[in-house]
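One-letter residues, chain by chain:
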Amino acid sequence: MAPIGNTSGGTYAVTPSTIRWENTPNPKSTPFSIRPLDRPSRNELCFELIGVDVSFANALRRIMIAEVPTMALEHVYMWNNTSLIHDEVLCHRLGLVPLNVDPRLFEEFGLEVEEESGEMASTDRNTIVFRLHVVCGRDKVEDEKMRKRMEKKQQMEGLISGYDVEAEQSMQKEKSTADDDDEEEEEDEEEDPSVMNVKSVDEAAKEALNLHHSDRKTPIDSSSRPFTRHVYTRDLLWAPQGDQLLHFPLNAAGAASGMGGGGIRPIAEDILLAKLRPGQMIELEAHARKGVGKDHAKFSPVATASYRLMPQIEIVKPIYDELAEELVNWFEPGVFTLVPVDKNEKKEGHKQKAQVSNPYACTMSRNYMRNQVLKESIKMSRIPNHFIFNVESVGMMEPAVIVAEALKILKEKCERVVELADGALASMDG
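Remember, it's a predicted structure, so these values are computed and weren't measured experimentally.

> Quick rundown of the overall build of the protein? Include the residues and the values.
Each helix and strand in the protein was counted, giving 10 helices and 16 strands. Split into buried and exposed, the 430 residues of the protein put 36% on the buried side. By sequence separation, contacts in the protein at least 24 residues apart represent 75% of the contacts at least 6 residues apart. Surface summary for the protein: the accessible area is close to 25,400 Å², and the carbon and sulfur share equals 51%.

> Please set out the packing of helix α1 (residues 54-66) against helix α10 (residues 399-429) residue by residue, giving values where relevant.
At their nearest, the axes of α1 and α10 sit 9 Å apart, and the two run at 115 degrees to each other. Judged by the twist between their axes, the crossing of α1 over α10 is right-handed. The residues of α10 that touch α1, namely those facing Phe56, Ala59, Leu60, Ile63 and Met64, are Ile402, Val403, Ala406, Leu407, Ile409, Leu410 and Lys413.

> Break down the packing of aromatic side chains for me, with residues and values.
Counting across every chain of the model gives 5 aromatic pairs. Consider the rings of Tyr77 and Trp79, whose centres lie 6.3 Å apart with planes at 20 degrees: the pair is stacked. Exposure remark for Tyr77: the relative accessible area of 36% places this residue in the partly exposed category. Measuring from ring centre to ring centre gives 5.4 Å for Tyr307 and Phe387, while their planes differ by 90 degrees; the resulting arrangement is edge-to-face. One end of the pair, Tyr307, is in strand β13 (residues 302-315); the other, Phe387, is in strand β16 (residues 378-393), and 80 residues separate them in sequence. Using a relative accessible area of 26% as the deciding quantity, one classes Tyr307 as partly exposed.

> Just give me the short version of a negative patch on the surface, but keep the residues and values in it.
Negative charge collects at one region of the surface, where Glu412, Glu415, Glu419 and Asp422 lie side by side. In this fold, Glu412 is placed in helix α10. Among the residues examined, Glu412 registers a relative accessible area of 47% and is labelled partly exposed.

> I'd love a proper account of the environment of Val394, names of residues and values included.
Within the secondary structure, Val394 sits in the loop between β16 and α10. Sequence separation between Val394 and Val302 is 92 residues, and the spatial gap between their C-alpha atoms is 5.1 Å. When neighbours within four sequence positions are excluded, Val394 is seen to be in contact with Asn43, Pro98, Ile267, Ser300, Pro301, Val302 and Ala303.

> If you had to explain helix α7 (residues 321-331) to someone new, which residues and values would you point to?
For α7, the complete set of buried residues consists of Ala324, Leu327, Val328 and Phe331. Looking straight down α7, one finds that the buried residues subtend no more than 130 degrees of arc, so they occupy a single side. Facing away from the buried surface of α7 by more than 90 degrees, the exposed residues are Glu322 and Trp330. Considering only its buried residues, α7 is in contact with β14 (336-340), β15 (352-356), α9 (372-377) and β16.

> Which residues make up helix α2 (residues 87-95), and what values go with them?
Among the residues of α2, those classed as buried are Leu90, Leu94 and Gly95. One side of α2 holds all its buried residues, which, seen down the axis, span an arc of 140 degrees. Those residues of α2 that are buried lie in contact with β5 (70-81), β11 (272-276) and β12 (281-291).

> Describe the pairing of β16, listing the residues and the values that go with them.
Pairing between strand β4 (residues 44-50) and β16: 7 bridges, direction antiparallel. Paired with Glu44 across the strands is Glu392, a residue of β16. Bridge analysis of β13 against β16 gives 13 bridges, and the strand direction is antiparallel. In the sheet register, Glu314 faces β16, and the bridge partner there is Lys379.

> Give me the sheet that holds strand β9 (residues 237-238): which residues, what numbers.
Two orientations exist for strands paired in a sheet by backbone hydrogen bonds: parallel and antiparallel. Read across the sheet, 4 strands follow the order β5-β12-β7-β9 without closing on themselves; strand pairing throughout is antiparallel. In this open sheet, the two edge strands, each paired with only one partner strand, are β5 and β9. Pairing analysis gives 10 bridges linking β5 to β12, with the strands arranged antiparallel. Residue Ala72 lies in a different strand from β12, and its bridge partner there is Arg289. Where α2 meets the sheet, it contacts β5 and β12, and its direction lies at approximately 150 degrees from that of β5. Sitting on the sheet, helix α3 (residues 140-156) touches β7 (128-135) and β9, and the angle it makes with β7 is about 150 degrees.

Procedures and definitions
- Residues numbered from 1 in each chain as written.
- Predicted model: local features only at pLDDT ≥ 70, side-chain atom pairs only at ≥ 80, totals over all residues.
- Heavy atoms only, no water.
- Helix = DSSP H or I, 4+ residues; strand = E, 2+ residues; numbered from the N terminus.
- Buried < 20%, exposed > 50% of the residue type's maximum accessible area, 1.4 Å probe, protein only.
- Contact = heavy atoms within 4.5 Å.
- Areas by Shrake-Rupley, 256 points an atom, 1.4 Å probe, with all protein chains shown as cover.
- Axes fitted to C-alpha atoms, helices over the stretch in contact; angles between N-to-C directions.
- Left-handed = near helix turned anticlockwise from the far one by under 90°.
- Phe/Tyr/Trp six-rings, centres within 6.5 Å; stacked < 30°, edge-to-face > 60°.
- Patch = residues over 30% accessible without salt bridge, like charges linked within 9 Å, V, L, I, M, F, W, Y side chains within 5 Å.
- Salt bridge = Lys/Arg side-chain N within 4 Å of Asp/Glu carboxyl O.
- Lys, Arg positive; Asp, Glu negative; His and termini not counted.
- Charge placed at Lys NZ, Arg CZ, Asp CG, Glu CD.
- Arc of directions from axis to C-beta.
- Pairing = 2+ DSSP bridges.

If you want it as structure tokens, here you go:
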């Protein structure tokens, strides 16, 4: 691809109080490139975008949030609802449930029209049907009997559950084994190998997750309270239409395990939808359609999509010994490293000095500027045409796929602008 000129012509210089613009007389053109940096989890991606203007980067971010299409529950047909939660509130909660299905395999609703009525037709190519039928028994024993009877009835109707108990138990066992292995590796490793230096953040998230899932007594366990039935997204059953089962086959256990394993299901099976008391019930049918985030947030494929400018750090004066240790361990952890000094510096009585090792981990905190010596020894700035993106997918698509789809949409927009410009010029010439 041809180089895209750096029209910015300068850098953002960082000072203790602000960030100011410094012009460069003859800026060099930087070739366009995109490179992945880190993949903390399946739904997270960090990549860098080089050689583009901020308008391009921001357009890509906005397209990922608002214009990459996904599938979400759009129409809910409420047959019976005697719970405390109102129909419209329950429908809104259902719409926000992310579905584990690739939207590229479906068409937009409205492309086909019924001949007799002239209305838009619902087909197996543009609609996914889910059903929810839950009744709360008088106690736990009766509720379990009712649940089993309901499961048999739903199986006869051809409804498919996305919740595979055996697969879930196996996954939890593998997860616990992996956690044990990670703990052993952490004991052996002293430094975080991640480019973005997110080890402390990952540990905090893991601790919070363990606390959330720890065994604890809840109010519904009390004998003085009536029995409460919790309705989760696992109770949403997929009703295959047409030849959808051929395109989304089930896994070996006969469950719809979602993207990568087959079938269609909610991404998470433990999202709470409602609570029922004895005698209450919910029965409904929900249709999922294809849409984009600018119409409703439920269609947005990302939980977050953000970018920041690439830090540029220069050591203009050498930093030695104790001051170097403070810089490495306290002021900017993960950005600098300690290296041995050369022979000439050793003669001057120095043992080690600081060196820039990982500018990607810099958060532009400017803590080092509290020390006057460090403030004069380090020059920090931001490169205006070098962006670091962080994309976190909701789960229906891989983050790399979301980026690729956003680039396709951006390309189509640019081609459309070129066509309009050519048409305007042609009409002026005519």
